Amino acid sequence: MPNKINSMMLGTGTAVPEKTLTNFDLEKMVDTSDQWIQERTGIQVRHVVDDKIQNSDLCAEAANKALAESGLSAADVDTIIVATVTGDVTFPSTACYVQDKIGAINATAFDIQAACSGFIFGLDIADSLIGLGKGKNVLVIGCEVLTRIVDWEDRSTCVLFGDAAGAAVLVPADNSGRGVLATFTKTDGRLAHLLCMPGGGTKYPADVAIAENLNNIKMKGPEVFKAAVKAMGDAATHILENAGVTADDIDLLIPHQANKRIIDATAKKMKLPAEKVYINLQNYGNTSAASIPVALTEAKEKGLVKAGDLVVMVAFGGGFTWGSAAIRL
Ligand code: ACO
């Protein structure tokens, strides 16, 4: 029997800073090359926020665009979920600032953290809330300002990341068959140390973090790479089972945009041809929680997917976390 469909996605939107940083710019900053970055990751350019812009500003811009496409107003929103590891401040939640900036006066608002899997985890929560009747118009936003927590002297990480936001509005499904068919999330906290920012929390407060250079992204790249390939494959397998669909049914795969080689391995495992796999990491780098909603919005804008199409999203990130979602748009 097919799953009950709780929620559907009415609109999406993005916010992408204008300022860019190319591989050639990075060649002047660290011992790297455009060739190395392109061969190992596929990235060419990433976007970087101006000093005055905060995470919540990008969230608000993306949210307003998603609301406009949905035909809803900010006052209609009852829940705002912001997935981020780069919130404006340690507390309160960035979602509180977003609520204020967009004027969503009737909403409850909170953040979640699942690194690059954040948007999928947020979508899973939104879908559950709507299924339980506890939410009706839910905003899920993935946003990162990673360029503020990158160690610009560490060539193994500083070439990878960028800033952006993507938002989606989820509402109760109608009876058309459109909506979130299934979600899947998983965590393995034993591997948390392989990708993290140790400083700035209560373990290493800001003064200690600065003194010991702990207030930036630390990543064991090759270990993360191997885990990512395995976990993305696992997330893909589970979502097809959970949604009761096959890879042949998929109109477009939207994978987390971290590394082209990880995406290629996932597509190969799913036996998907290149034209069914959306890749835009060459223009953004890894924008963590923002990468999937940004890619989805772009794919819609390019006419690659339309209402009724089956989109599968697969993510992996720090934690380790991984997850997936199947949506009939
Ligand atoms: N430019 C030139 N050389 C470099 C650079 C660079 N930017 N960075 C590293 N190197 C060198 C290394 O020092 C090493 O040199 P050596 O052989 O002399 O020791 C060599 O290149 C190979 O380094 P590796 O780290 O083994 O390279 P690898 O092929 O693994 O690629 C990368 C590194 C791109 C980071 C890859 O491991 C990767 O993509 N990992 C996964 C990242 C990821 O997916 N993260 C997802 C989640 S992110 C999140 O949740 C926020």
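The structure displayed is predicted, hence computed values, not measured ones.

**A short note on the site of the ligand**
The full set close to the ligand counts 25 residues, and Thr32, Arg40, Cys116, Arg155 and Asn259 are the nearest of them. Separating an oxygen atom of the ligand from a side-chain N or O atom of tryptophan 36 is a distance of 3.4 Å. Taking arginine 40, its side chain carries an N or O atom lying 2.6 Å from an oxygen atom of the ligand. Burial of the ligand by the protein amounts to 74% of the accessible area it has alone, namely 1000 Å². Secondary structure elements with two or more residues in the shell around the ligand: helix H2 (34-40), helix H6 (155-158), helix H8 (221-243) and helix H9 (260-269). With four residues, the single largest contributor to the shell around the ligand is H8. Each of domain 1 (7-172) and domain 2 (179-328) accounts for three or more of the residues forming the shell around the ligand.

**With respect to the sheet that holds strand S12 (residues 310-317)**
Pairing is mixed in the open sheet, where four strands are placed in the order S8-S13-S12-S11. Looking along the sheet, the strands with just one partner apiece sit at the ends: strand S8 (179-187) and strand S11 (252-255). Strand-to-strand, the axes of this sheet are offset by a mean angle of 10 degrees, without reference to chain direction. Across the sheet, H8 is in contact with S8, S11, S12 and strand S13 (321-328); its angle to S8 comes to roughly 145 degrees. Relative to the sheet, helix H11 (residues 291-301) contacts S11 and S12, its axis offset from that of S11 by approximately 150 degrees.

**Comments concerning the pattern of salt bridges**
Across all of its chains, the model carries eight salt bridges by this definition. Where glutamate 69 meets lysine 300, a salt bridge forms, and the shortest distance between an N and an O atom there is 3.1 Å. Highlighted residues: glutamate 69 in helix H3 (residues 55-70) and lysine 300 in helix H11, separated in sequence by 231 residues. We classify glutamate 69 as partly exposed; its relative accessible area is 43%. Given the relative accessible area of 22%, lysine 300 is considered partly exposed. The residue lysine 302 makes a salt bridge to glutamate 298 at a minimum N-O spacing of 4.0 Å. By relative accessible area, lysine 302 is classed as exposed at 54%. What makes glutamate 298 buried here is its relative accessible area of 13%.

**What to know about the packing of H3 against helix H4 (residues 94-102)**
At a closest axis distance of 9 Å, the pairing of H3 and H4 adopts a crossing angle of 55 degrees. Classified by the angle between their axes, H3 and H4 sit oblique to one another. As H3 packs across H4, the resulting crossing turns out to be right-handed. Residues Asn55, Ser56, Asp57, Cys59, Ala60, Ala63, Asn64 and Leu67 of H3 pack against Thr94, Tyr97, Val98, Lys101 and Ile102 of H4. Among the residues making up the contact of H3 with H4, the classes are represented as seven nonpolar, four polar and two charged.

**Description of the environment of glutamate 27**
Within the fold, glutamate 27 resides in helix H1 (residues 23-27). Taking C-alpha positions, glutamate 27 is 44 Å from methionine 8, a pair spaced 19 residues apart along the chain. Leaving out residues up to four positions away in the same chain, glutamate 27 has contacts with Thr32, Ser33 and Asp34. In terms of polar contacts, glutamate 27 uses its side chain to reach the backbone amide nitrogen of aspartate 34, at 2.8 Å.

**A look at unusual backbone geometry**
Looking along the chain, the bond that leaves phenylalanine 91 and enters proline 92 is cis, with omega of 5 degrees. Tracing the sequence through the fold places proline 92 in the loop between strand S4 (79-83) and H4. Cis geometry is adopted by the peptide bond preceding phenylalanine 320, which originates at glycine 319 and carries an omega value of -15 degrees. Of note, phenylalanine 320 is situated in the loop between S12 and S13.

**Side note on the domain arrangement of the protein chain**
Size of an interface, as often reported, equals the accessible area lost when the parts are brought together. As far as domains go, the protein chain holds domain 1 (7-172) and domain 2 (179-328). Centre-to-centre, using C-alpha coordinates, domain 1 lies 14 Å away from domain 2. Every contact between the two is made by 49 residues of domain 1 and, on the other side, 46 residues of domain 2. For the pair domain 1 and domain 2, the two sides together bury roughly 3500 Å², of which 65% comes from carbon and sulfur. Sorting the residues of domain 1 by area buried against domain 2 places Cys116, Ile120 and Ile149 first, and these three jointly supply 18% of that buried surface.

Reading guide: rules and limits
Residues numbered from 1 in each chain as written. Predicted model: local features only at pLDDT ≥ 70, side-chain atom pairs only at ≥ 80, totals over all residues. Heavy atoms only, no water. Near = heavy atom within 4 Å. Polar contact = N/O pair within 3.5 Å; in protein donor to acceptor, adjacent residues only side chain to side chain. Areas by Shrake-Rupley, 256 points an atom, 1.4 Å probe, with all protein chains shown as cover. Helix = DSSP H or I, 4+ residues; strand = E, 2+ residues; numbered from the N terminus. Domains from an automatic or database assignment. Pairing = 2+ DSSP bridges. Axes fitted to C-alpha atoms, helices over the stretch in contact; angles between N-to-C directions. Contact = heavy atoms within 4.5 Å. Salt bridge = Lys/Arg side-chain N within 4 Å of Asp/Glu carboxyl O. Buried < 20%, exposed > 50% of the residue type's maximum accessible area, 1.4 Å probe, protein only. Parallel < 35°, antiparallel > 145°, perpendicular 65-115°, else oblique. Left-handed = near helix turned anticlockwise from the far one by under 90°. Nonpolar A, V, L, I, M, F, W, Y, C, P; charged D, E, K, R; others polar. Buried area = accessible area lost by both parts, 1.4 Å probe.

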